Structures are given as C-alpha cells and as structure tokens.
Amino acid sequence: MNEEKKLNLTVASSPHVASPIDTQNLMRDVLIALVPALIMGVVFFGPRALVATLISVVACEFFEWAYRKLMKKSCANKDLSAAVTGVLLAFVCAPTLPYWMLIIGDFFAIVVVKQLFGGLGQNFMNPALGGRAFLMLCYPVAMTTWIVPGIGADKWAGLISGEVTMAGADIVTGATPLSADFMHGGLLPEASLLDAFVGNVGGCIGEVSALMLLLGGLYLIWRGVIRARIPVAYIATVAVLTFAFPMGGNDRLTWMLYQLCTGGLMLGAFFMATDYVTSPVTKKGEVIFGIGCGLLTVFIRYFGGYPEGVSYSILIMNCCVWLIDKVGKPNRYGVTKEMKAAAKAKAKAGKEG
C-alpha cells in the first residue's frame, strides 16, 4: 500500500495572486536609486559620509534583529526595510554628526517608530523622518552644523573617531542655502543654481544633489516601485507657490528653482513621501497628500522658525493619511449618488415606520 502524501496548504484570503515582486525586491530598488546621491555625498563631504551611512544601516539592521529576537518574533532583516531606513536617516543628518548620535536616531527610528507599532506595515509615520525629528529635538546644534563641501573642508576629519573638531583648520563651517542668512531671510544664496542642482552646497549627506535624487526618483517610477502622483503633486505645489510669491523681490523663476533644488525637497518627494505604509492608497488621496506636503513645506519655509520644512511637512501629513484615504475613497462600481440617497431615504422611512 502506497504511503499517503502529505500536502502543506496555506489558507489565505483572496485575491490569490502570485507575484515575483516582494518587499525585498522593492527595497533593493530603493537602495539602488539612492546610490547616486550617496556617491555625490562622498564626493562633496568625503569618506565620512559613506562611513556614517554604513554605520546607520548596520545599526538599524541590528536593532530590528535584536528587538524581534527579544520579542520572540520572526526575523525580518531579509526584507531590507531596515537598511533603507538606515540610509535615509543618514541622508537627512549633517555630515559632522557624531556616530553615536546617529546610532541613537537609528534606535528611535527602528524600535520606537517602527517595531513598537507592530513592525513593517504598522507604523504611522516614516521611521527615518521620525528618527530625524527626535535627533533635532535632542541635538539641535550637532544636527545643524554644516560644512562647506569640496574645497576648504578636511574630508577625513573625524573619520574613525566619529567626532569632528570645529576649531582650527579641521573643517570650514558654512550656512545652507535655506538658512536665515540667505533664502529664509529672503536673499538668494551665494551658490549658483548649477551648484545647488548638482549638490555643491552645504546640507545633509544625501539631500544636497537634486540631480542625483531626481535620477533616482525617475528610476523608481520606471521600475514601478512608486507612482508619480505624490512627487509630481508635491514638487508642482512648491513650484507654483514659490513662483507666485517670491520673497525679497527676487526674480520669480530663479527663486522657484532655488526652492526646488535645495532643502532636501527631491529626497522627500521621491523617497519619503512615497513610503507605502505612511502614504495614501487611493489615487485622489495621493494627489491630496502631495499637495498638502507642498503647502506645508512652503508655509514652514516662509513663516516658520525652521527653514527647511520638508521633514515636518511629511510627518504632519503622515498623521492625516487615515482621513485622506477616507475622503479619497472611490465610489463603489455601479452605485450612483441618487441610489445612495434613495437607500438612505428608504432606511430612514423604515425606522420611522
């Protein structure tokens, strides 16, 4: 008598669709898209930018593994989501930030923002931006100490120790284009538009090169990893508002282009606002979300005490996603407004009867 064959069946809800695309593939594409911006960060800020990014990735992967091990949950490191968080958090930090501070931000991003809410898919805000906001609250001076890129900066300063000395000739500090000395005060920066577009300006490790971030964003759209609605709505809103209302009597077009090329707008629009978990799922909701991010970014840059605006605009809109999805929910196919009104009237009449 032949032995009975045992079949392992997995019962799951519909739709039963098999797809080669999974979280790991999507996150791998995001990491590939971030490589050009990282290269530019190393070119302008030196090897310390690369070391900081690698440390951030390792720390995020470790904290995710350790937390899930402690909670006796399955290991989730293979999906590469923690690696993406590590890269993005390093990208939105100053090149001079000590490594130990960056690791604290990694802990907050992975454990507090992500894992304590249930892990990937359950967090209500972008982990990297949550980590950055925490670091800005705890270490505002270190997070806003910028160095002049390229010539004039010791690119090897603090590479091993993680600490960068501000005295002597170790590094040359400078203001970012959006600082109170320049655009936040209504003045155009000293850097040319070409420098701002390429990334030869002061700023965070991975946000300075609008060119490389734009190329990375287009790669993600081409690969189908993200949809164009959020970044297009976001960037277009900032463009329209800054063109219509330039500060300091500056030329409209020039002012608008500087606003688009600086302050990490491209990084936020393509890589953070489009986060699957913390952005709307409906078409209308995505457009509303992008417009909201753009409005808040301009309002913060124009009227707030904080010159950059991108990070906090996305975090605020993350908190509104539940409402945006509710408003943007499409009508059920085949059901008109008249049919809905008739159904409500019938239900009301039944209750009164």
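Calculation rules
Residues numbered from 1 in each chain as written. Predicted model: local features only at pLDDT ≥ 70, side-chain atom pairs only at ≥ 80, totals over all residues. Heavy atoms only, no water. UniProt positions renumbered as here; feature names shortened; annotations may be inferred. Phe/Tyr/Trp six-rings, centres within 6.5 Å; stacked < 30°, edge-to-face > 60°. Helix = DSSP H or I, 4+ residues; strand = E, 2+ residues; numbered from the N terminus. Buried < 20%, exposed > 50% of the residue type's maximum accessible area, 1.4 Å probe, protein only. Axes fitted to C-alpha atoms, helices over the stretch in contact; angles between N-to-C directions. Parallel < 35°, antiparallel > 145°, perpendicular 65-115°, else oblique. Left-handed = near helix turned anticlockwise from the far one by under 90°. Contact = heavy atoms within 4.5 Å. Nonpolar A, V, L, I, M, F, W, Y, C, P; charged D, E, K, R; others polar. Patch = residues over 30% accessible without salt bridge, like charges linked within 9 Å, V, L, I, M, F, W, Y side chains within 5 Å. Areas by Shrake-Rupley, 256 points an atom, 1.4 Å probe, with all protein chains shown as cover. Salt bridge = Lys/Arg side-chain N within 4 Å of Asp/Glu carboxyl O. pLDDT = per-residue confidence, 0-100. Expected span 1.5 Å × (residues − 1). Disulfide = S-S within 2.5 Å. 1 Å grid on protein atoms, 1.4 Å probe; cavity = no way out; pocket = protein on both sides within 12 Å on 5 of 7 lines; lining within 4 Å. Points joined across faces, edges and corners; volume = space filled by probe spheres on them. Core = buried A, V, L, I, M, F, W, Y, C linked by side-chain atoms within 4.5 Å.

The name given to the protein chain in an unreviewed UniProt entry is Ion-translocating oxidoreductase complex subunit D, with Candidatus Flavonifractor intestinigallinarum as the source organism. Of the protein chain, the UniProt comment under Subcellular location (unreviewed entry) reads exactly: "Cell membrane". According to the UniProt record, the Cofactor (unreviewed entry) comment for the protein chain is "FMN".

Draft legend 1. Region of the structure containing the packing of aromatic side chains. According to the stated counting rule, one finds nine aromatic pairs in the structure shown. Aromatic pair F62 and W65: ring centres 6.1 Å apart, planes at 40°, arrangement tilted. Here F62 pairs with W65, and both are found in helix α2 (residues 47-70), just three residues apart, close to one helical turn. For F62, a relative accessible area of 47% translates into the label partly exposed. In this structure W65 comes out as partly exposed when scored by relative accessible area, which is 41%. Consider the rings of F117 and F124, whose centres lie 5.1 Å apart with planes at 70°: the pair is edge-to-face.

Draft legend 2. Examining the UniProt feature "transmembrane region" (unreviewed entry) in the protein chain more closely. The feature "transmembrane region" (unreviewed entry), as annotated in UniProt, sits at residues 30-59, 80-97, 133-152, 197-220, 232-249, 255-273 and 285-304 in this numbering. Across residues 232-249, helical content stands at 72% and strand content at 0%; the span's end C-alpha atoms are separated by 27 Å.

Draft legend 3. Local environment of the packing of helix α9 (residues 229-244) against helix α11 (residues 265-272). At a minimum axis separation of 8 Å, α9 and α11 run at an interaxial angle of 155°. Here α11 runs roughly antiparallel to α9, going by the angle between their axes. When the axes of α9 and α11 are compared, the crossing they make is right-handed. Touching I230, P231, Y234, I235 and V238 of α9 are L265, M266, G268, A269 and F270, all from α11. Each residue belonging to the contact of α9 with α11 can be placed in one class, and the counts come to nine nonpolar, one polar and no charged.

Draft legend 4. Examining a nonpolar patch on the surface more closely. Together, V287, I291, L295, F299 and F303 make up an exposed nonpolar region whose accessible area comes to about 450 Å². Mapping F303 onto the fold places it in helix α12 (residues 283-303). Residue F303 is classed as exposed on the basis of its relative accessible area, which comes to 67%.

Draft legend 5. Representation of the confidence of the model for the protein chain within the structure. The predicted model of the protein chain averages 85 in pLDDT, with 82% of residues at 70 or higher. Considering only residues more than four positions removed or in separate chains, one finds that residues 166-171, a stretch of pLDDT under 50, has 15 contacts.

Draft legend 6. How the structure looks around α2. Its 24 residues give α2 an end-to-end C-alpha distance of 34 Å, which sits within 8% of 34 Å, the value for a rise of 1.5 Å per residue. Once α2 finishes, K72 follows within two positions and takes phi at roughly 60°, a positive value.

Draft legend 7. Up close: the state of the cysteines. Enumeration according to the criterion identifies zero disulfides in this entry. For C293, which is in no disulfide, the shortest distance to another cysteine sulfur is to C320 and amounts to 9.4 Å.

Draft legend 8. Here's a closer look at empty space enclosed by the protein. One pass over the full model with this rule turns up four cavities of 30 Å³ or more. Size it by volume and the second largest cavity reaches roughly 50 Å³. Around the second largest cavity, the lining residues are V92, L129, E207, G263, G264, L267, G268, M272, E308, V310 and S311. Elements with a contribution of two residues or more to the lining of the second largest cavity: α11 and α13 (310-318).

Draft legend 9. Inspection of the pattern of salt bridges at higher detail. Summed over all chains, the structure comprises five salt bridges. A salt bridge links R223 to D29; its shortest N-O distance comes to 3.1 Å. Of this pair, R223 sits in helix α8 (residues 210-223) while D29 sits in helix α1 (residues 23-45); the two residues are 194 residues apart in sequence, bridging distant segments of the chain. Given a relative accessible area of 46%, R223 falls into the partly exposed group. Note on D29: relative accessible area 7%, which makes it buried. Look at the salt bridges and you will find they share partners, linking R227, R229 and E286 into a network.

Draft legend 10. Focus on the side chain of E64. Within the fold, E64 resides in helix α2. By relative accessible area, which is 1% here, E64 ends up buried. Those residues in contact with E64, other than ones at most four positions away along the chain, are A76, N77, D79, S81, A82, I110, K114 and Q115.

Draft legend 11. Looking closely at the packing of α9 against α12. Interaxial distance between α9 and α12 falls to 7 Å at its minimum, and their mutual angle equals 35°. Crossing of α9 over α12 shows right-handed handedness. Contact residues: R229, I230, A233, Y234, T237, V238, L241 and T242 in α9; K283, E286, V287, F289, G290, I291, C293, G294, L295, T297, V298 and Y302 in α12. Here the residues of the contact of α9 with α12 are counted per class, giving twelve nonpolar, five polar and three charged.

Draft legend 12. Expanded view of the nonpolar core. Residues Y234, L267 and F271 are the most contacted members of the largest nonpolar core, which totals 80 residues. No other element matches the ten residues that α1 contributes to this core. Residue contacts for F271: discarding those within four places in its chain leaves V30, A33, L34, L88, L213, G216, G217, L220 and M266. Counting residues in hydrophobic clusters, the runner-up holds seven residues, among them F63, A82, I110 and V111.

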